[in-house]
Amino acid sequence: MSEKISLLNLSPSPAKGLAIDNNLDLTRKKARGATLSKTDLAGNSLSSVINSGKIYTKRASGYFQRLRRSISYLLLTLFFVMPWLEIAGKPAVLFDLAAQKFHILGMTFWPQDAIFLVYLLVLSCILLVAATLIIGRVWCGFSCPQTIWTFLFIWVENKCEGDRNQRIKLDKQRWSHAKVLRKSIKHSLWILLSLATAYSFVGYFYPIKALLIDTYNMQVHYLGVFWLIFFVLGTYINAGWLREQVCLHMCPYARFQAVMYSEDTLVVTYDSQRGEHRGHRKASTDLKATGLGDCVDCSLCVQVCPVDIDIRDGMQYPCIDCGLCIDVCDTVMDKMGYASGLIRFSSANDPGGKRSLFSLPKIHWLIALSLSAILAFGYSLQARDTLSIDVIRDRSGILYRHRDGGIENTYQVKINNKGSELESFRLGIIAEAPFQLRGNHNIYVEIGKVDTLIVRVWIAQQDINQYQSDIRFVVRPANQTSGDEAPIAEQISSFIAPVNKLNK
Ligand code: SF4
Ligand code: SF4
């Protein structure tokens with residue numbers, strides 16, 4: 001006997017809506033592998049039972065699963081490999097907090113470059129909003145670390161304990177050697193993955209080779225130890241145990257993403273007009289004669305759902321638009337000889353999902369805005385100063401000194417080589433009055449380093465005509481002899497001279 005049909009018929013409620021609600025709840029609970037009690041069948045206390053259950057996600061295959069796998073492989077590979085890569089002898093990505101500099105893909109950023117972090121955050125927000133407006137929670141379903149690590153942990157679970165039904169069976173079994181062995185292997189692999197994740201993550205802040213050597217020698221800094229433990233526990237608990245609870249209760253994006261939706265936003269939707277009335281049948285059943293829709297009520301869309309919702313209930317905030325229910329439902333439709341797309345990405349303005357996404361002017365604007373933001377960010381990165389100069393007039397002692405019949409000020413000049421191709425520089429000054437630069441003018445600054453010169457600026461007493469004068473300190477390549485070429489970095493500072501001499 002068809003259990004779904006019999007459950008629907010068992011609903012005590014005379015109200016059709018409630019009967020269907022109970023059926024949906026029971027379907028969901030059954031999809032989880034829970035045993036249905038009389039109370040359940042009577043329609044009481046269902047939600048409490050449902051909300052306390054563990055989710056046994058069924059393995060799915062299809063277009064969206066392949067797409068997410070490909071994206072996950074790419075992102076996971078980047079995440080684990082990047083801390084090991086070097087570009088021109090420097091880490092490809094290293095946020096060196098102790099030295100206050102960030103190496104990113106051959107570029108070195110300093111605290112003064114924090115504006116690029118702001119640009120990056122603005123760019124990320126624009127891209128996230130544009131993506132959400134166009135394809136809903138595509139970030140959640142395909143590229144969020146929580147989703148990727150959860151799927152990775154579920155994959156390990158599948159390998160150790162089998163697919164959904166075997167896992168349900170295993171959990172219902174009494175503890176035995178075989179069960180302990182399977183569970184131990186699973187948790188050991190989860191902990192290994194958590195360790196690899198923690199080391200890779202901390203490796204973005206602490207050179208990874210040094211981190212491993214320091215671990216071996218038990219010399220990791222206490223902050224490093226703290227973050228390693230934090231990320232091992234965080235990964236193990238979030239991806240192994242909490243899973244969808246993070247999306248449901250902890251992630252703020254899940255709460256406000258709905259406000260970004262428009263009538264044209266594509267979201268995973270069940271075509272209820274086509275699917276209802278749902279029910280079991282044979283492939284040869286005459287749908288018109290029986291009044292059935294295309295949904296065979298197999299509950300597979302619920303069984304594969306990582307957040308344990310029934311998409312047939314309508315759009316729900318926990319849905320992460322992962323498309324697994326689409327994949328599995330298309331397989332069912334295929335087997336039944338029905339058209340695919342009973343569950344599909346569609347929008348309120350285009351429930352049939354027939355219209356091309358790119359036919360909407362709004363989408364053109366969003367894509368143009370996103371591309372402009374990416375280009376602007378790329379240009380600002382490319383055009384950023386690769387050398388900076390910071391001039392501080394020495395105020396530690398007296399304002400100025402009388403020396404050799406003239407007045408002298410002392411300056412501390414810091415030159416920061418953020419990635420200039422050159423490493424040897426010559427310091428000069430440009431001013432209206434005949435100032436002279438005294439001290440060593442030449443400096444060698446390695447790429448990614450800062451060095452300091454102490455220089456003096458002198459002027460003959462008779463040439464002083466004001467209390468404070470502007471002096472432009474300029475940096476040129478050491479081999480550049482002509483002063484006509486534009487300097488590669490410059491900063492204006494002031495020269496202070498005695499007022500009483502001016503009044504002479
Ligand atoms: S997978 Fe498709 S056919 Fe099966 S219950 Fe879900 S919507 Fe109905
Ligand atoms: S309802 Fe479908 S798209 Fe939404 S989270 Fe569940 S499986 Fe993914």
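For the structure itself, look to the data block above.
For every chain, the first residue of the written sequence is number 1, and numbering continues from 1 along that sequence. Chain A is the first chain written and ligand 1 is the first ligand written, with later ones labelled in order. Reporting in this predicted model follows two pLDDT cut-offs: at least 70 for local features of residues, and 80 or more for side-chain atom pairs to be given and counted; totals over whole chains, interfaces and linings ignore these cut-offs and use all residues.

1. Observations regarding the packing of helix α8 (residues 145-161) against helix α12 (residues 222-242)
The description of two helices packed together rests on the angle between their axes and the distance between the axes.
Part 1: Running from amino to carboxyl end, α8 crosses α12 at an angle of 75°, the nearest separation of the two axes being 8 Å. With respect to α12, the axis of α8 lies roughly perpendicular. On the side of α8, the interface is formed by Gln146, Trp149, Thr150, Leu152 and Phe153, while α12 contributes Thr235, Asn238, Ala239 and Gly240.
Part 2: Residue type decides the class: Asp, Glu, Lys and Arg count as charged, Ala, Val, Leu, Ile, Met, Phe, Trp, Tyr, Cys and Pro as nonpolar, and the leftover types, Gly among them, as polar. Of the residues in the contact of α8 with α12, the class split is four nonpolar, five polar and no charged. Axis definition: a line fitted to C-alpha atoms, limited for helices to the stretch in contact. Angles are taken between N-to-C directions and run from 0 to 180 degrees. A run of H or I in DSSP becomes a helix once it reaches four residues, and a run of E becomes a strand once it reaches two; helices and strands are each numbered from the N terminus. By definition in this entry, angles of less than 35 degrees are roughly parallel, angles greater than 145 are roughly antiparallel, angles of 65 to 115 are roughly perpendicular, and the rest are oblique. Throughout, a pair of residues is in contact if the C-beta atoms placed from their backbones lie within 7 Å.

2. With respect to the nonpolar core
Part 1: In this description, a nonpolar core means buried residues of the types Ala, Val, Leu, Ile, Met, Phe, Trp, Tyr and Cys, linked to one another by C-beta atoms lying within 7 Å. Any residue with 12 or fewer other C-beta atoms within 10 Å of its own C-beta is exposed, any with 20 or more is buried, and the rest are partly exposed; the C-beta atoms used are placed from the backbone. In terms of nonpolar packing, the biggest core is built from 25 residues, with Cys301, Cys305, Ile311, Leu324, Cys325 and Ile343 touching the most fellow members.
Part 2: When residues of this core are traced back to their parent elements, those giving at least two are β6 (267-270), α17 (300-303) and α18 (324-336).
Part 3: Examining the composition of this core, we find that five residues originate from one element, α18, more than from any other.
Part 4: Beyond its immediate stretch of four places on either side in the chain, Ile311 contacts Val268, Tyr270, Cys301, Cys319, Cys325 and Ile343.
Part 5: Val391, Phe435, Phe473 and Phe495 belong to the second largest nonpolar core, which has 20 residues in total.

3. What about the site of ligand 1?
Part 1: All residues are tested the same way: a C-beta atom is placed from the backbone, and lying within 6 Å of a molecule or strand makes the residue near it. Neighbouring ligand 1 are 16 residues, the closest being Cys295, Cys298, Leu300, Cys301 and Cys329.
Part 2: When contributions to the shell around ligand 1 are tallied by element, the ones reaching two or more residues are α17 and α18.
Part 3: It is α18 that contributes the most residues to the shell around ligand 1, three residues altogether.
Part 4: Looking at the shell around ligand 1 residue by residue, the classes come out as 11 nonpolar, two polar and three charged.

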